[in-house]
Amino acid sequence: MALISFARGMPGPDLLPIGAFGDCAREALERDGATALQYGPPGGYPPLKQWVAEQHGVDPGRVIVTNGSLQGFAFTARHFVQSGSRFFVEAPCYDRSLSILRKLGAEVEQVELADDGLDVDAIAGSLREGDVVYTIPTFQNPSGRTLSLENRRRLLDLAADRNAIVFEDDPYGMLRFEGESIPRLFELSEGSTIFLSSFSKTVAPGIRTGYVILPEQLVPAIEELVLSNYVSPAIFVEAALLEFLTSGRFEPNLETVREGLRLRRDAMLSALEREMPEGTGWNQPEGGYFLWLDLPSGVAAETLLARAGEEDVVFIKGADFFFHGGGEESARLAFSFATPHEIDEGITRLGRLVREAAAVAA
Ligand SMILES: Cc1ncc(COP(=O)(O)O)c(C=O)c1O
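Owing to the predicted nature of the structure, the values given are computational and were not obtained by experimental measurement.

(A) Quick look at the packing of aromatic side chains. This model, assessed by the stated rule, comprises 15 aromatic pairs. Centroid distance Phe 195 to Tyr 211: 6.4 Å. Interplanar angle 45°. Geometry classified as tilted. In this pair, Phe 195 sits in strand E8 (residues 194-198) while Tyr 211 sits in strand E9 (residues 210-213), placing the two residues 16 residues apart along the sequence. A residue is classified by how much of its surface remains accessible, and Phe 195, at 0% relative accessible area, is buried. The ring of Phe 323 has Arg 102 sitting right over it, with the charged end atom 4.6 Å from the ring centre.

As structure tokens, this is what we get:
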């Protein structure tokens, strides 16, 4: 039996613009080869910074293009931890961000995540000046949940009232395949939040290109961190990416990616509906890569994962996404990689194991 993975949050091979990106690499060299193959400034390839700035209506001086957005998260988080800020994170939250905060020795509070995003009321009692609220508001990793417009406004009002910082991580927002889009926190706050995004999900993870938009006064400190970690970001790739973005290839690629993800999500939802026993719950994300599975009471995700591995189907157990504990009876299922057919087969295998485990737990 071939392994079916719902574990890694990465695109299936059919969602990668292999030929088009190759053409862009050649065109970038023809257009600006001497710059593209040279060291560049710490904030990234200037014309790409300009493009990003125009998309978000900000001065290019506020944009730092990094080798993947996780790098932007790491630099920004390090700055705030060193300045003594406390972090509020969603529970569950992207595990790699959590492990960076852990390694930095950050003081972290976890905030319950409801169906409509983080529980703003839960932080109202304790949020204070200088705190950072790190949120992935749209098609969240790991849950696929989205912060509602109303909660976005309430979060921004609360943060403004307390002089707290909202740090928005949005790699999935452009991957909406149904429903109405909701403005980013960055837009709703007229650019006063910190905004992090990535081209990993809209173009390809292998290009390792993401960016952070910062308040102007923070840029020198973060560029300093860039310079102490690498001489220069990957300018050649950034130049090829700019070609991709400005030559009419980006939008059609987004359409292909969205459609591919929608088909995968639909395959997962109908297989879950068919296979899972009573007491299992899951959400229906309108975009992104993931959904969150709540197992029947008494079914431990860790035990299920061990059994699933024997049946060649894998996922990530929910507990990995909590800073202070939780999620023992939950799992993250990524529908981004496997084909719809494999998803159907993988959920069939998993459903059988959940039914067996639920019968034992009952
Ligand atoms: C919420 C979130 N932030 C950041 C990243 C990292 O993205 P990048 O590949 O740009 O480093 C991911 C990737 O899975 C993610 O889900």
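(B) Spotlight on the packing of helix H11 (residues 301-310) against helix H12 (residues 340-361). Put simply, H11 and H12 touch, their axes get as near as 10 Å, and they point 135° apart. In terms of orientation, H11 and H12 fall into the oblique class. Where H11 crosses over H12, the handedness of that crossing is right-handed. Residue-level inspection shows Leu 304, Arg 307 and Ala 308 of H11 in contact with H12, the latter providing Leu 350, Leu 353, Val 354 and Glu 356. By residue class, the composition of the contact of H11 with H12 is five nonpolar, no polar and two charged.

(C) The arrangement of the sheet that holds strand E6 (residues 132-135) in detail. The mixed open sheet is built from eight strands, whose spatial order is E2-E9-E8-E7-E6-E3-E4-E5. Two strands close off the open sheet at either side, each with one partner strand: strand E2 (63-66) and strand E5 (117-118). The pairing of E8 with E9 spans four bridges and is classified as antiparallel. Directly across from Phe 195, in E9, lies its bridge partner Ile 213. Helix H2 (residues 46-56) rests against E2, E8 and E9 of the sheet, and its axis sits at about 125° to E2.

(D) Fine view of the side chain of Ser 200. Here Ser 200 is to be found in the loop between E8 and E9. A polar side-chain atom of Ser 200 sits 3.4 Å from a polar atom in the side chain of Arg 208. Ignoring sequence-local partners within four residues, the contact set of Ser 200 consists of Pro 205, Arg 208, Thr 209 and Tyr 289.

(E) Spotlight on the domain arrangement of the chain. Assigned domains of the chain: these are domain 1 (4-14 + 251-361) and domain 2 (19-246). The C-alpha-based centres of domain 1 and domain 2 are spaced at 26 Å. Tallying the contact residues gives 26 residues for domain 1 and 32 residues for domain 2. Taking both partners together, domain 1 and domain 2 bury about 2,600 Å²; carbon and sulfur atoms supply 60% of that area. The largest per-residue losses of area from domain 1 upon contact with domain 2 belong to Glu 286, Phe 321 and Phe 323, which jointly make up 28% of the total buried on that side. In this structure, the connection of domain 1 to domain 2 is made through 17 residue pairs in polar contact (both at pLDDT 80 or more). Taken together, the elements giving at least two residues each to the side of domain 1 that touches domain 2 come down to helix H10 (250-275) and strand E11 (290-294). At seven residues, H10 tops the list of elements feeding residues into the side of domain 1 that touches domain 2.

The rules behind each value
Residues numbered from 1 in each chain as written. Predicted model: local features only at pLDDT ≥ 70, side-chain atom pairs only at ≥ 80, totals over all residues. Heavy atoms only, no water. Phe/Tyr/Trp six-rings, centres within 6.5 Å; stacked < 30°, edge-to-face > 60°. Helix = DSSP H or I, 4+ residues; strand = E, 2+ residues; numbered from the N terminus. Buried < 20%, exposed > 50% of the residue type's maximum accessible area, 1.4 Å probe, protein only. Lys NZ or Arg CZ within 6 Å of the ring centre and 35° of its normal. Axes fitted to C-alpha atoms, helices over the stretch in contact; angles between N-to-C directions. Parallel < 35°, antiparallel > 145°, perpendicular 65-115°, else oblique. Left-handed = near helix turned anticlockwise from the far one by under 90°. Contact = heavy atoms within 4.5 Å. Nonpolar A, V, L, I, M, F, W, Y, C, P; charged D, E, K, R; others polar. Pairing = 2+ DSSP bridges. Polar contact = N/O pair within 3.5 Å; in protein donor to acceptor, adjacent residues only side chain to side chain. Domains from an automatic or database assignment. Buried area = accessible area lost by both parts, 1.4 Å probe.

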